[in-house]
Amino acid sequence: AEVVAGTDPLNSLSPFVYRELEMTADTEFVQLPDDASYALGRLTFEAWIKHTGVAGTLLSRTLSGGNDNYEITFADDGTLSLTFHYLALNGTVMSMTLSSTDKVAAGEWSHVAVSFGPVSGSMTQYEARFYINGEEAGLPAAVPMSALYVGEDSETAEVQLGGFIGRMFEARVWNTARTANQIASNYNAGLTGTEPGLIGFFRFDDGGMTIENFVYD
C-alpha cells in the first residue's frame, strides 16, 4: 500500500510528518539504552523545548551507585542547570551543580544548549556553558578536576531524555564540547546525522511508540 502511495515502507520518515515529543508529566521520558557511547567525559546537549513553568529534566545519565555522570535540568523559572559527579584532582569523587544566568521563557519554543569540557589550553579546569536561542546564557566559574565520573565497570546506568511537562523537538547529544560559534551557526539548521561527535539525534518525526536515533555511521 505504501509503495502504491509513493512512500517507502523501509524509511521511518516516509511519509515525512513533523512531530515533537509531548510529555504530560515529569515522569514521562524516553529511556535511552545503557550504551557506552552515552558515558561522556565532555558533552553538548541541544534541543528545542516548550515548557510550562514547572521544573523538569532534559537529559541525564545516572549510575546504579547513585552518582550522576551528568544531569541537565531546568527550574520553575527557566534557569538551566548541569549537575555532575567528577574526579577531583586528589582522586576523590565529588559533585557540582552549575547554572545559567539567563532563563528559558515558559510557554514558547526556545532552543537550549549546554556544553561541558576542558577550558581551552587546560586539562585540569573544566567549564560549562549555557545557551538560549544561540546566545550565551551563562558561563559559571571553571571547576578544577581531572575527569567526569562515568561509572565503574560493575555499574549500570539509566539514560533519560526528557522528563518535564511540555514538548521537545530535535534533541542532539554530542561527545564534544561544542563552541559558541558552532551552536550559534547550527542550532536552527538541519543535520545529516553523520556529523563528527554526534551520538544522539532524536527528531521524533519517525512516529510509533519508539524513538529512532538518526545518527548514521
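Preceding this section is the structure that the text describes.
Being a predicted model, the structure only gives us computed values, none of them experimental. (Residues numbered from 1 in each chain as written. Predicted model: local features only at pLDDT ≥ 70, side-chain atom pairs only at ≥ 80, totals over all residues. Heavy atoms only, no water.)

**Student:** Would you mind going over the overall build of the protein chain with me for this structure?
**Tutor:** Each helix and strand counted, the protein chain has two helices and 15 strands in total. In the protein chain, which comprises 217 residues, the share counted as buried stands at 47%. As displayed, the protein chain offers around 10,300 Å² of accessible surface, 51% of which is attributable to carbon and sulfur atoms. (Helix = DSSP H or I, 4+ residues; strand = E, 2+ residues; numbered from the N terminus. Buried < 20%, exposed > 50% of the residue type's maximum accessible area, 1.4 Å probe, protein only. Areas by Shrake-Rupley, 256 points an atom, 1.4 Å probe, with all protein chains shown as cover.)

**Student:** Honestly, the packing of aromatic side chains in this entry has me stumped. Any pointers?
**Tutor:** Aromatic rings considered in pairs are described by the distance between their centres and by the relative angle of their planes. In total, this model carries five aromatic pairs according to the counting rule given. A centroid spacing of 5.9 Å and a plane angle of 35 degrees characterise the contact between W48 and Y187, whose relative ring orientation is tilted. Taken as a pair, W48 in strand β3 (residues 43-51) and Y187 in the loop between α2 (180-186) and β15 (198-202) lie far apart in primary sequence, 139 residues in all. Comparing W48 with Y187 shows no difference in burial state: the two are buried. Each member of the aromatic cluster is reached from another via a ring pair, and the members are F84, Y86, F116 and Y126. (Phe/Tyr/Trp six-rings, centres within 6.5 Å; stacked < 30°, edge-to-face > 60°.)

**Student:** What exactly am I supposed to notice about the pairing of strand β10 (residues 135-138) here?
**Tutor:** Two faces belong to every sheet, and in a regular strand the side chains alternate between them. The pairing of strand β9 (residues 125-132) with β10 spans three bridges and is classified as antiparallel. Across the sheet, I132 pairs through a bridge with E135, a residue of β10. Counting the residues that bridge the hairpin from β9 to β10 gives two residues, and of these N133 lies at a positive phi of roughly 50 degrees. (Pairing = 2+ DSSP bridges.)

**Student:** Is there a simple way to explain the side chain of S60 in this structure?
**Tutor:** Along the polypeptide, S60 turns up in strand β4 (residues 56-63). By relative accessible area, S60 is classed as buried at 4%. With residues near it in sequence (within four places) discarded, S60 still touches Y70, E71, E158, V159 and Q160. (Contact = heavy atoms within 4.5 Å.)

**Student:** Would you mind going over the layout of surface pockets with me for this structure?
**Tutor:** One water molecule sets the probe size; rolling that probe over the atoms shows where empty space is left. The calculated volume of the second largest pocket comes to roughly 200 Å³. Along the walls of the second largest pocket sit 14 residues, with P118, E127, R129, A177 and R178 positioned nearest its centre. Elements supplying a minimum of two residues to the lining of the second largest pocket: β8 (110-118) and β9. For the lining of the second largest pocket, the element with the most residues is β9, which contributes four residues. (1 Å grid on protein atoms, 1.4 Å probe; cavity = no way out; pocket = protein on both sides within 12 Å on 5 of 7 lines; lining within 4 Å. Points joined across faces, edges and corners; volume = space filled by probe spheres on them.)

**Student:** I'm lost on the pattern of salt bridges in this one. Help?
**Tutor:** Opposite charge on two side chains permits pairing when their charged atoms draw close. Considering all chains together, one arrives at six salt bridges under this definition. For R167, the salt bridge identified is with E22, shortest N-O distance 3.6 Å. One end of the pair, R167, is in strand β14 (residues 166-174); the other, E22, is in strand β1 (residues 21-23), and 145 residues separate them in sequence. For R167, a relative accessible area of 31% puts it in the partly exposed group. The partner of E170 in a salt bridge is R172, with the nearest N and O atoms 2.5 Å apart. (Salt bridge = Lys/Arg side-chain N within 4 Å of Asp/Glu carboxyl O.)

**Student:** Can you walk me through the environment of S122 in this structure?
**Tutor:** With respect to the element layout, S122 can be found in the loop between β8 and β9. As for S122 and P144, which are separated by 22 residues in sequence, their C-alpha atoms are 9.9 Å apart.

**Student:** Honestly, the nonpolar core in this entry has me stumped. Any pointers?
**Tutor:** A general tendency of soluble globular proteins is for nonpolar side chains to be buried together. Counting 42 residues, the largest nonpolar core has F45, L58, L82, F84, F116, L161 and M168 as the members making the most contacts within it. Counting five residues, the second-largest nonpolar core is a separate cluster that includes W174, L198, F201 and F214. (Core = buried A, V, L, I, M, F, W, Y, C linked by side-chain atoms within 4.5 Å.)

**Student:** Can you walk me through the pairing of β8 in this structure?
**Tutor:** Of all nine residues that make up β8, nine are buried, and the element is covered over most of its length. Bridge analysis of β3 against β8 gives seven bridges, and the strand direction is antiparallel. By the bridge assignment for β8, T44 is matched with S115. As paired elements, β8 and β9 share seven bridges and run antiparallel to each other. Note that in β9 the partner of S115 across the bridge is R129. Counting the residues that bridge the hairpin from β8 to β9 gives six residues, and of these G121 lies at a positive phi of roughly 85 degrees.

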